[in-house]
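# Structural overview
Listed below are the residues making up each chain.
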Amino acid sequence: MRALRIDNLPPSAHQELVELYQATKLPRIRTRAQMILLSAEQALKAPQIALIVRESERTIQRWLKRYQAEGINGLQDAPKSGKPSKVSLSYRQQLLSSVRQRPRNLGLEFSLWTLARLADYLAEQTGVRLSQEGVRLQLKAMEIVLSRPQHKISSPDPDYLVKKRRLKTRETS
């Protein structure tokens, strides 16, 4: 494979790359812009760029070719193939709103949410049926975990904690 390099980059294209490199929050896009800038500014070839950005030579060559063919727009991710997600922003908002409320407040006959109950309730509300695992993954993405409630045994007796400690020390002795 012959060495590929970006030569004679017009000042406007160079400025676009620099702005993309500085403004993007996506590491993949920043690395791609860096590859092009290293080739154009320092006349580096794919093996040298690969050492700097820690990507394979093949990857460097692919992005250099794509930049030459499509320009700065070629550095963006291509559209993904496959079936579009069933989960929309409104579904996520409904899920978050529901899980933050007690089921009884929503007119349901139970007190605690389970994944199955959430999936059923949201299917009724939104018309979108997700599996229990699908609901769990959506909750995980929002950093919410459904778990069993932890029951704490207590007593109105003011000396309850003292008595409880006494029992524990007797059991360990």
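Predicted, not measured: the structure shown is a model, and the values here were computed from it.

Here the focus is the nonpolar core. In this structure, Leu17, Ile36, Ile49, Ile60, Tyr67 and Leu75 are the most contacted members of the largest nonpolar core, which totals 23 residues. Of the residues forming this core, the biggest block, 6 residues, is contributed by helix α2 (residues 27–42). Excluding anything up to four places from it in sequence, leucine 75 contacts Leu17, Leu20, Ile29, Arg32, Ala33, Ile36, Trp63 and Tyr67. Listed in part, the 14 residues of the second largest apolar core include Leu95, Tyr121, Val135 and Leu139.

Regions of empty space are outlined by a rolling probe, equal in size to a water molecule, passed over the atoms. In this structure, the largest pocket encloses a volume near 330 Å³. Together, 14 residues line the largest pocket, and Leu112, Trp113, Leu146, Ser147 and Pro149 are the ones closest to its centre. Residues that form the lining of the largest pocket fall into these classes: 8 nonpolar, 4 polar and 2 charged.

Located in the positive-phi region is asparagine 8, a residue other than glycine, with phi close to 55 degrees. For asparagine 8, the position within the fold is in the segment before α1 (11–23). Even without a glycine there, the phi angle at arginine 54 is positive, about 60 degrees. Examined against the element boundaries, arginine 54 turns out to sit in the loop between α3 (46–53) and α4 (57–70).

This part is about the environment of leucine 112. Relative to the elements of secondary structure, leucine 112 occurs in the loop between α5 (89–99) and α6 (115–126). Separated by 55 residues in sequence, leucine 112 and glutamate 57 place their C-alpha atoms 54 Å apart. With residues near it in sequence (within four places) discarded, leucine 112 still touches Pro103, Arg117 and Pro149.

Here α6 contains 12 residues, and its C-alpha end-to-end distance of 16 Å stays within 8% of the 16 Å for a straight helix at 1.5 Å per residue. Residues of α6 that are buried include every one of Leu118, Ala119, Tyr121, Leu122 and Ala123, and no others. For α6, the elements touching its buried residues are α5 and α7 (132–141). Phi turns positive one or two residues past the end of α6, at glycine 127, with a value near 85 degrees.

On to the pattern of salt bridges. Under the criterion given, the structure shown has 6 salt bridges. Residue arginine 28 pairs with aspartate 77 through a salt bridge whose shortest N-O separation is 2.4 Å. Taken as a pair, arginine 28 in helix α2 and aspartate 77 in the loop between α4 and α5 lie far apart in primary sequence, 49 residues in all. Owing to a relative accessible area of 43%, arginine 28 belongs among the partly exposed residues under this scheme. Its salt-bridge partner being arginine 32, residue aspartate 77 comes within 2.8 Å of it at the nearest N-O pair. Taken together, the residues aspartate 77 in the loop between α4 and α5 and arginine 32 in helix α2 connect sequence positions 45 residues apart. On the basis of relative accessibility, which here comes to 31%, the residue aspartate 77 falls in the partly exposed class. Residue classification places arginine 32 among the buried positions, given a relative accessible area of 9%. Via salt bridges that share partners, Arg28, Arg32 and Asp77 belong to a single interconnected network.

The next thing to look at is the packing of aromatic side chains. Considering all chains together, one arrives at 2 aromatic pairs under this definition. Taking the centre distance of 5.8 Å and the plane angle of 70 degrees together, the rings of phenylalanine 110 and tryptophan 113 count as edge-to-face. Note on accessibility: phenylalanine 110 and tryptophan 113 belong to one class, buried. Considering the side-chain rings of tryptophan 113 and tyrosine 121, the 5.5 Å spacing of their centres and the 55 degrees angle between planes classify their relative orientation as tilted. Classification of tryptophan 113 by relative accessible area gives buried; the value is 12%. Since its relative accessible area comes to 9%, tyrosine 121 is described here as buried. Through a chain of ring-to-ring contacts, the aromatic side chains of Phe110, Trp113 and Tyr121 assemble into a single cluster.

Definitions and cut-offs
Residues numbered from 1 in each chain as written. Predicted model: local features only at pLDDT ≥ 70, side-chain atom pairs only at ≥ 80, totals over all residues. Heavy atoms only, no water. Core = buried A, V, L, I, M, F, W, Y, C linked by side-chain atoms within 4.5 Å. Buried < 20%, exposed > 50% of the residue type's maximum accessible area, 1.4 Å probe, protein only. Helix = DSSP H or I, 4+ residues; strand = E, 2+ residues; numbered from the N terminus. Contact = heavy atoms within 4.5 Å. 1 Å grid on protein atoms, 1.4 Å probe; cavity = no way out; pocket = protein on both sides within 12 Å on 5 of 7 lines; lining within 4 Å. Points joined across faces, edges and corners; volume = space filled by probe spheres on them. Nonpolar A, V, L, I, M, F, W, Y, C, P; charged D, E, K, R; others polar. Expected span 1.5 Å × (residues − 1). Salt bridge = Lys/Arg side-chain N within 4 Å of Asp/Glu carboxyl O. Phe/Tyr/Trp six-rings, centres within 6.5 Å; stacked < 30°, edge-to-face > 60°.

Keep in mind that these numbers describe shape and distance, not what the molecule does.
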